[in-house]
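# Descriptive structure summary
One-letter residues, chain by chain:
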Amino acid sequence: MPIIDLSNPINVLIALILFILVVFLAKEIKRSNVTCILLLTFLTIIAGHCIEYVMVQNATEELLKTIANCIAVDFIFVFLSFIAYLWMDDVEAKERKIKTIDNSLDWFWKKV
């Protein structure tokens, strides 16, 4: 079994609640570093699950399916963390009145 089992719905709900609380904290203090740490955490978890998938001994089909589901959920959290990081970076740049290199999320808010 994976160390961090994100194929279990209760664990996914707990991870989602923690994700929302961390993003809310980053929004309140207006710092993108907090969401960067969150993104790096989920990248570490997905790397661990990938290593576990490759290195598992006596692999059963059920175990491989569980780890593959964990990796899929990890990808979702990495995507959400990346979007949250871009958003908090934009909020921090506006708060500190510094120029950003590019407006990464402008395509998301634009009307076509």
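Up top is the structure.
Since the model is a prediction, treat every value here as computed from it, not as a measurement.

With the rule as written, the count across this model stands at three salt bridges. One salt bridge in this structure joins Glu92 and Arg31, with 3.9 Å as the shortest N-O distance. Taken together, the residues Glu92 in helix H3 (residues 61-96) and Arg31 in the loop between helix H1 (9-29) and helix H2 (33-55) connect sequence positions 61 residues apart. Overall, Glu92 belongs to the buried group, its relative accessible area being 8%. In this structure, the salt-bridge partner of Asp90 is Lys94, at a minimum N-O distance of 3.4 Å.

Glancing now at the packing of H1 against H2. Geometry of a packed helix pair, given as the angle between the helix axes and the separation of the axes. Where H1 contacts H2, the axes come no closer than 8 Å and their chain directions differ by 155 degrees. The pairing of H1 with H2 is recorded here as roughly antiparallel in orientation. Contact residues: H1 offers Phe19, Val22, Val23, Leu25, Ala26 and Ile29, while H2 offers Val34, Thr35, Leu38 and Phe42. Partitioned by chemical class, the residues of the contact of H1 with H2 number nine nonpolar, one polar and no charged.

Let us look at the packing of aromatic side chains. Tallied over the full model, the rule gives two aromatic pairs. Both rings, one in Phe42 and one in Phe77, keep their centres 4.9 Å apart while their planes meet at 5 degrees; by these two values the pair is stacked. Highlighted residues: Phe42 in helix H2 and Phe77 in helix H3, separated in sequence by 35 residues. Per residue, the accessibility class of Phe42 equals that of Phe77, and both read buried. What links up through ring pairs into an aromatic cluster is the set Phe19, Phe42 and Phe77.

Cut-offs and rules
- Residues numbered from 1 in each chain as written.
- Predicted model: local features only at pLDDT ≥ 70, side-chain atom pairs only at ≥ 80, totals over all residues.
- Heavy atoms only, no water.
- Salt bridge = Lys/Arg side-chain N within 4 Å of Asp/Glu carboxyl O.
- Helix = DSSP H or I, 4+ residues; strand = E, 2+ residues; numbered from the N terminus.
- Buried < 20%, exposed > 50% of the residue type's maximum accessible area, 1.4 Å probe, protein only.
- Axes fitted to C-alpha atoms, helices over the stretch in contact; angles between N-to-C directions.
- Parallel < 35°, antiparallel > 145°, perpendicular 65-115°, else oblique.
- Contact = heavy atoms within 4.5 Å.
- Nonpolar A, V, L, I, M, F, W, Y, C, P; charged D, E, K, R; others polar.
- Phe/Tyr/Trp six-rings, centres within 6.5 Å; stacked < 30°, edge-to-face > 60°.

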